[in-house]
Amino acid sequence: MKIVTKYLEGAPLLTTYVVEVGGVKVVVDPGPASLYQPMDVDAVLCTHLHLDHCGSAGHLGRPVYVHERYIRHVVDPSRLYESSRAVLGIFAEKFGRHLPNERAVGVADGARLFDAFDVYYTPGHAPHHIMYFFRDQKVLFTGDGAGVYIPELGVVIPTTPPPFKLDMYLQSLERVKALGAEAVCFPHYSCTRDVDLIKRHVEQVKSWVEALGGNLDKTADEALRELARVDPNVERVLAVGGLYLEFYLRFSVLGFMEYLKAQRASS
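Just so we're clear, the structure is a prediction, and the values are computed from it rather than from any experiment.

Draft legend 1. Structural view of the packing of aromatic side chains. Enumeration according to the criterion identifies 17 aromatic pairs in this entry. Seen from their ring centres, Tyr65 and Phe114 are 5.5 Å apart, and the 70° between their planes marks the pair as edge-to-face. Of this pair, Tyr65 sits in strand 5 (residues 64-67) while Phe114 sits in the loop between strand 7 (112-113) and strand 8 (117-121); the two residues are 49 residues apart in sequence, bridging distant segments of the chain. A residue is classified by how much of its surface remains accessible, and Phe114, at 29% relative accessible area, is partly exposed. A centroid spacing of 5.9 Å and a plane angle of 90° characterise the contact between Tyr189 and Tyr248, whose relative ring orientation is edge-to-face. Remark: Tyr248 occurs in helix 10 (residues 242-266) and Tyr189 occurs in the loop between strand 13 (183-185) and strand 14 (191-192); sequence separation between them is 59 residues. Overall, Tyr248 belongs to the buried group, its relative accessible area being 1%.

Draft legend 2. A look at the environment of Ala183. Residue position: Ala183 is located in strand 13. Judged by its relative accessible area of 7%, Ala183 is buried. In sequence terms Ala183 and Gln137 are 46 residues apart; their C-alpha atoms lie 8.3 Å from each other. If we ignore the near neighbours within four places in the chain, the residues touching Ala183 are Lys138, Val139, Leu140, Thr192, Arg193 and Val195.

Draft legend 3. Representation of the environment of Val27. Position of Val27 among the secondary structure elements: in strand 3 (residues 24-28). Residues contacting Val27, with those up to four places away along its chain left out, are Thr16, Tyr17, Val18, Met39, Val41, Ala43, Val44, Leu45 and Leu60.

Draft legend 4. Geometry of the pairing of strand 3. Both strand 2 (residues 11-21) and strand 3 contribute to a ladder of 5 bridges, which runs antiparallel. Its bridge partner lying in strand 3, Glu20 is registered against Lys25. What sits between the antiparallel neighbours strand 2 and strand 3 is a turn of 2 residues, in which Gly22 has the positive phi angle 55°.

Draft legend 5. Representation of the sheet that holds strand 10 (residues 139-141) in the model. The 6 strands are arranged 7-8-9-10-13-14 in an open sheet whose pairing can be described as mixed. Where the open sheet ends on each side, the last strands, each with one partner, are strand 7 and strand 14. Across 3 bridges, strand 9 (residues 130-134) lies against strand 10 in antiparallel orientation. Paired with Phe133 across the two strands is Leu140, which belongs to strand 10.

Draft legend 6. Just helix 4 (residues 78-88), in detail. Those residues of helix 4 lying buried are Leu80, Tyr81, Ser84 and Leu88. Mapping the buried residues of helix 4 onto a view down its axis gives an arc of 100°, with all of them on the same face. Projecting away from the buried face of helix 4 at angles above 90 degrees are the exposed residues Arg79 and Ala86. At the C-terminal side of helix 4, Gly89 shows a positive phi close to 60°.

Draft legend 7. Focus on the packing of helix 9 (residues 232-240) against helix 10. The N-to-C vectors of helix 9 and helix 10 enclose an angle of 120°; their axes lie 6 Å apart at closest approach. Our classification of the angle between helix 9 and helix 10 gives oblique. When the axes of helix 9 and helix 10 are compared, the crossing they make is left-handed. Mapping the contact onto sequence places Val234, Val237, Leu238 and Val240 in helix 9 and Gly242, Tyr244, Leu245 and Leu249 in helix 10.

Draft legend 8. Expanded view of unusual backbone geometry. Here Pro162 and Pro163 are connected by a cis peptide whose omega angle stands at -5°. Between His188 and Tyr189 the backbone carries a cis peptide bond, its omega angle lying at 0°. A positive phi angle, near 55°, is found at Phe114, a position not held by glycine. Notably, Lys138 is not glycine yet its phi reads approximately 55°, a positive angle. When its relative accessible area of 37% is taken as the criterion, Lys138 is described as partly exposed.

Draft legend 9. Inspection of the side chain of Ser252 at higher detail. With respect to the helices and strands, Ser252 occurs in helix 10. Within polar-contact distance, the side chain of Ser252 engages the backbone oxygen of Tyr248 at 2.6 Å. In contact with Ser252, other than residues within four places in its own chain, are Pro158, Thr159, Thr160, Pro161 and Trp208.

Basis of the calculations
- Residues numbered from 1 in each chain as written.
- Predicted model: local features only at pLDDT ≥ 70, side-chain atom pairs only at ≥ 80, totals over all residues.
- Heavy atoms only, no water.
- Phe/Tyr/Trp six-rings, centres within 6.5 Å; stacked < 30°, edge-to-face > 60°.
- Helix = DSSP H or I, 4+ residues; strand = E, 2+ residues; numbered from the N terminus.
- Buried < 20%, exposed > 50% of the residue type's maximum accessible area, 1.4 Å probe, protein only.
- Contact = heavy atoms within 4.5 Å.
- Pairing = 2+ DSSP bridges.
- Arc of directions from axis to C-beta.
- Axes fitted to C-alpha atoms, helices over the stretch in contact; angles between N-to-C directions.
- Parallel < 35°, antiparallel > 145°, perpendicular 65-115°, else oblique.
- Left-handed = near helix turned anticlockwise from the far one by under 90°.
- Polar contact = N/O pair within 3.5 Å; in protein donor to acceptor, adjacent residues only side chain to side chain.

Below you can see the structure in the form of structure tokens.
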């Protein structure tokens, strides 16, 4: 497996994985359009359609595999880009625009690709999110469905921008916990054989719900400080700052708070 880390303005943004199976080279999450690089691959597997993951899929000109209900956003990505701008603001512009790609292939939950990758529909982070389980090597490619793993800080944090669906996210994690993976590969930012990270992340998410539930009237910055008191992962990211804070952590808190506010309003 070839591993390529892509950098945005000097900071690591996304790790792309290239795997060869049966003479076919596939790339998992090729990265944003703004960081496009030609790649010698035959197919593109996107865990989901967010700009930082699948934005350069159209540039590659290869078949792009995405959840079957969302192939229209590969063929015509204009609406997706505008909705991303509404949520991410300047970050959407930094990631760049998709190119249309008519070679979109829809995959269903339970599908098997290239006789090597099993597809698991794992919504929560996004409604179009899927994970790929590379059976032969027992490697799970998580997309953004299991958080951000930052090995140099020794932390995992949620990546849960609006519109985040907590109930679906937890259900998805419970499902893939039982796969028997021996390694987990995060697009942010590395692979690890510490597969218990997923179990710990489930407990982390639950602790965030408890900590934020009584602080929904506070600002995002105030909520972050509350989280840092109960989650040392958050405390470390706050100390480092930069992209880890401004993109992943801050948007994640907003996603949690919006979800919990909606739940409160409907109860």
